[in-house]
Amino acid sequence: MEISDLRIFQIVAEEGSVSQAAKRLNYVQSNVTARIQQLEKELGTSLFHRHRRGVTINEDGRKLLGYTQKMLALMEEMQQSFQTSEDPSGPLLIGSVETVSALPIILSSYHKKFPRVDLSLVSGVTQHLVSDVLQYQLDGAFVSGPIQHPDIVQEHVMEEELVLVAGKGILTLEECKSRPLLVFRSGCGYRARLTQWLSTQGITPTKIMEFGTLETILAVVESGLGVSLVPKSTVLRLHSEGNIRHFTLPEGYNQVTTVFIRRKDSFLTNTMRCFLQQIDQFHEQHRA
């Protein structure tokens with residue numbers, strides 16, 4: 001069994017298609033099929049359910065995928081451990097919730113100082129980003145915290161005020177309670193906090209609309225369709241222009257802590273060490 005076979009297996013599992021995996025790897029499809037078949041022969045088990053739409057990983061495949069992710073992560077750590085701290089390079093995959101106002105500053109500063117690092121960013125909700133970090137799919141992530149997990153370490157980034165936002169035609173907080181909720185998908189910390197607050201008011205939302213980006217949520221809020229809970233810093237311009245209104249929620253629901261998380265057992269590469277330094281610098285400047 002070779003590491004390259006495991007990489008191919010992982011890509012096929014991610015794509016759910018041998019042909020799509022071949023395109024992504026720039027391999028001939030028959031080569032990918034042969035490598036998967038050889039892997040199955042060596043392990044003495046089938047790794048996928050085959051069907052007309054492609055392939056779906058089965059129970060044994062998921063078991064192998066867990067080992068594969070750990071082994072490939074260790075390989076990456078081994079390679080990065082030989083970098084110089086003065087000029088780190090290589091990939092760094094970071095996740096983030098949509099509403100971290102500190103993110104552009106941190107990423108821009110890091111890229112200017114360390115241009116040889118291949119920095120990539122993916123967005124998601126807190127629950128899913130935590131899962132991706134735990135499964136070695138992300139090197140780290142900015143999420144709503146604090147996070148309580150024995151395999152996670154976290155760095156404090158910032159505190160922000162949360163406000164309930166609504167269209168300019170909404171005049172009171174009481175009016176907001178009966179409006180549709182405009183939120184990110186399940187697993188979002190802001191969504192959970194908003195529904196918890198409504199629950200304390202004895203209200204069960206009758207309509208919840210899910211969106212993928214903060215920009216879309218704010219546009220729909222501006223149209224007057226519903227309400228959402230977001231960091232105040234993200235709506236200052238819209239509020240000052242009179243396009244929306246924002247309302248303060250009671251203590252316990254009006255503050256959010258942003259933390260940066262990573263696996264406790266991950267090797268601290270030079271790329272990550274330098275990234276954590278940028279976070280520390282931002283935190284110190286923001287606190288000042």
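Residues numbered from 1 in each chain as written. Predicted model: local features only at pLDDT ≥ 70, side-chain atom pairs only at ≥ 80, totals over all residues. Heavy atoms only, no water.

### Notes on the overall build of the protein chain
Along the backbone of the protein chain there are 11 helices and 11 strands. Dimensions of the protein chain, computed from the C-alpha atoms along their principal axes, are close to 65 × 50 × 35 Å. Of all 288 residues assigned to the protein chain, the portion counted as buried reaches 44%. Within the protein chain, residue pairs in contact and separated by at least 24 positions form 75% of the contacts whose partners lie at least 6 positions apart. Roughly 15,100 Å² of accessible area belongs to the protein chain as shown, and the carbon and sulfur atoms make up 50% of that amount. Separation of charge centres in the protein chain, based on 29 positive and 31 negative side chains, amounts to 5 Å. (Helix = DSSP H or I, 4+ residues; strand = E, 2+ residues; numbered from the N terminus. Buried < 20%, exposed > 50% of the residue type's maximum accessible area, 1.4 Å probe, protein only. Contact = heavy atoms within 4.5 Å. Areas by Shrake-Rupley, 256 points an atom, 1.4 Å probe, with all protein chains shown as cover. Lys, Arg positive; Asp, Glu negative; His and termini not counted. Charge placed at Lys NZ, Arg CZ, Asp CG, Glu CD.)

### Things to note about the layout of surface pockets
Put simply, the largest pocket is a space of about 910 Å³. For the largest pocket, the lining is made up of 31 residues, of which Glu76, Leu93, Tyr136, Gln137 and Asp139 are closest to its centre. Those elements giving two or more residues to the lining of the largest pocket turn out to be α1 (3–15), α2 (18–25), α4 (59–80), β3 (90–96), β4 (117–123), β11 (255–263) and α11 (270–287). Its residues assigned to classes, the lining of the largest pocket shows 14 nonpolar, 8 polar and 9 charged. The residue makeup of the lining of the largest pocket includes at least three contributed by each of domain 1 (3–79) and domain 2 (88–158 + 257–286). (1 Å grid on protein atoms, 1.4 Å probe; cavity = no way out; pocket = protein on both sides within 12 Å on 5 of 7 lines; lining within 4 Å. Points joined across faces, edges and corners; volume = space filled by probe spheres on them. Nonpolar A, V, L, I, M, F, W, Y, C, P; charged D, E, K, R; others polar. Domains from an automatic or database assignment.)

### Notes on the side chain of Thr257
Of note, Thr257 is situated in strand β11. For Thr257, a relative accessible area of 15% puts it in the buried group. A distance of 2.8 Å separates the side chain of Thr257 from the side chain of Glu159, its partner in a polar contact. (Polar contact = N/O pair within 3.5 Å; in protein donor to acceptor, adjacent residues only side chain to side chain.)

### A look at the nonpolar core
Ranked by internal contacts, the top residues of the largest apolar core, which has 33 residues, are Leu164, Val165, Cys176, Leu194, Trp197 and Val235. Elements with a minimum of two residues in this core: β6 (152–167), β7 (181–183), α8 (189–200), α9 (214–222), β9 (228–231) and β10 (244–248). If we ignore the near neighbours within four places in the chain, the residues touching Leu164 are Leu173, Cys176, Leu194, Trp197, Val227, Ser228, Leu229, Arg245, His246, Phe247 and Leu249. Phe114, Phe142, Met158 and Phe282 belong to the second largest nonpolar core, which has 32 residues in total. (Core = buried A, V, L, I, M, F, W, Y, C linked by side-chain atoms within 4.5 Å.)

### Looking at the UniProt feature "domain: HTH lysR-type" (unreviewed entry) in the protein chain
Taking the UniProt record as the reference, the feature "domain: HTH lysR-type" (unreviewed entry) is found at residues 1–58. In residues 1–58, the share of helix is 62% and the share of strand is 14%. The end C-alpha atoms are 20 Å apart. (UniProt positions renumbered as here; feature names shortened; annotations may be inferred.)

### Examining the packing of α2 against helix α3 (residues 29–43)
In the contact formed by α2 and α3, the axes pass within 8 Å of each other and the chain directions differ by 110°. Relative to α3, the element α2 is oriented roughly perpendicular. Of the two possible hands of crossing, α2 and α3 adopt the one that is right-handed. From α2, Val18, Ser19, Ala22 and Leu25 reach across to α3, where they touch Gln29, Val32 and Thr33. (Axes fitted to C-alpha atoms, helices over the stretch in contact; angles between N-to-C directions. Parallel < 35°, antiparallel > 145°, perpendicular 65-115°, else oblique. Left-handed = near helix turned anticlockwise from the far one by under 90°.)

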